[in-house]
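Observations on the three-dimensional arrangement
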Amino acid sequence: LRINILKPVSGLSIGRSGQENRLSWNPHSDPEARFYVYRKDESGEWNVLHESSISETSYTDLTSSPQNDYMVNTTKLQVAGSGSYHNLCQGIAIQISE
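In this report, we go over the structure that sits alongside the text.

Rules used throughout
- The residue count restarts for each chain, going from 1 along the sequence in the order it is written.
- The predicted nature of this model means local features are confined to residues of pLDDT at least 70 and side-chain atom pairs, given and counted, to a pLDDT of 80 or more, with totals for whole chains, interfaces and linings taken over all residues.
- Values reported for side chains reflect all heavy atoms of the structure, with hydrogen atoms and water molecules removed beforehand.
- For this analysis, a nonpolar core means a set of buried residues of the types Ala, Val, Leu, Ile, Met, Phe, Trp, Tyr and Cys, connected via side-chain atoms within 4.5 Å.
- Three labels apply to residues, based on accessible area from a 1.4 Å probe with only protein chains included: buried if under 20% of the type maximum, exposed if over 50%, partly exposed otherwise in between.
- Runs of H or I in DSSP of at least four residues are treated as helices and runs of E of at least two as strands, each being numbered from the N terminus.
- Any pair of nitrogen or oxygen atoms within 3.5 Å is treated as a polar contact; in protein, a donor-acceptor pairing is required on top of that, and neighbouring residues in sequence qualify only through side-chain atoms on both sides.
- Throughout, a contact is declared for two residues whenever any of their heavy atoms are within 4.5 Å.
- When the centres of two rings from Phe, Tyr and Trp lie within 6.5 Å, Trp using its six-membered ring, the rings pair. Their planes under 30 degrees apart give stacked, over 60 give edge-to-face, and anything left gives tilted.
- Salt bridges are defined by distance alone: a side-chain nitrogen of Lys or Arg within 4 Å of a carboxyl oxygen of Asp or Glu.

**A short note on the nonpolar core**
One finds Val9, Leu12, Leu23, Trp25, Phe35, Val37, Ile54, Tyr59, Tyr70, Val72, Ile94 and Ile96 forming the largest nonpolar core, which totals 12 residues. Among the elements of the structure, β3 (34-40), β6 (68-80) and β8 (92-96) are those that each provide at least two residues to this core.

**Focus on the side chain of Thr74**
By the secondary structure assignment, Thr74 is in strand β6. There is a polar contact of 3.5 Å between the side chain of Thr74 and the backbone nitrogen of Val9. Beyond its immediate sequence surroundings of up to four residues, Thr74 is in contact with Leu6, Lys7, Pro8, Val9, His28, Ala33, Arg34, Phe35, Asn87, Leu88 and Cys89.

**Comments concerning the packing of aromatic side chains**
Counting across every chain of the model gives 2 aromatic pairs. Consider the rings of Trp25 and Phe35, whose centres lie 5.4 Å apart with planes at 65°: the pair is edge-to-face. With Trp25 in the loop between β2 (20-24) and β3 and Phe35 in strand β3, this pair connects stretches of sequence that are 10 residues apart. Here Trp25 matches Phe35 in class, with each residue buried. Taken together, a centroid distance of 6.5 Å and an interplanar angle of 50° make the contact between Tyr36 and Tyr38 tilted. Residue classification places Tyr38 among the buried residues on the basis of a relative accessible area of 15%.

**Overview of the pattern of salt bridges**
Applying the stated criterion across every chain, the model contains 3 salt bridges. One salt bridge connects Asp30 with Lys76, and the closest N-O pair in it is separated by 2.7 Å. Of this pair, Asp30 sits in the loop between β2 and β3 while Lys76 sits in strand β6, and the two are 46 residues apart along the sequence. Like Lys76, Asp30 is buried. Between Asp69 and Lys40 there is a salt bridge; the shortest N-O distance is 3.8 Å. Remark: Lys40 occurs in strand β3 and Asp69 occurs in strand β6; sequence separation between them is 29 residues. By relative accessible area, Lys40 is classed as partly exposed at 31%.

What follows is the structure, encoded as structure tokens:
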């Protein structure tokens, strides 16, 4: 049961320029929302591309290939009477292939 449902990103798009893949998405309706960007490796595992969540609505992967799967998750620090937790929503995936 989830009380504080966090909306996923919307308008996720991806483009390639040179050796870089650039992801972008629409600003979130919650100004406190932050994001994690993941890339799928050859074994099918999702790996986060940065150590902490980001507030920007774009991300450039400098170590990418022309064929990558990405996922963006929205997160927010929720504070409740009994404590706090990081609310992580369902991720939205996108693929680039040339």
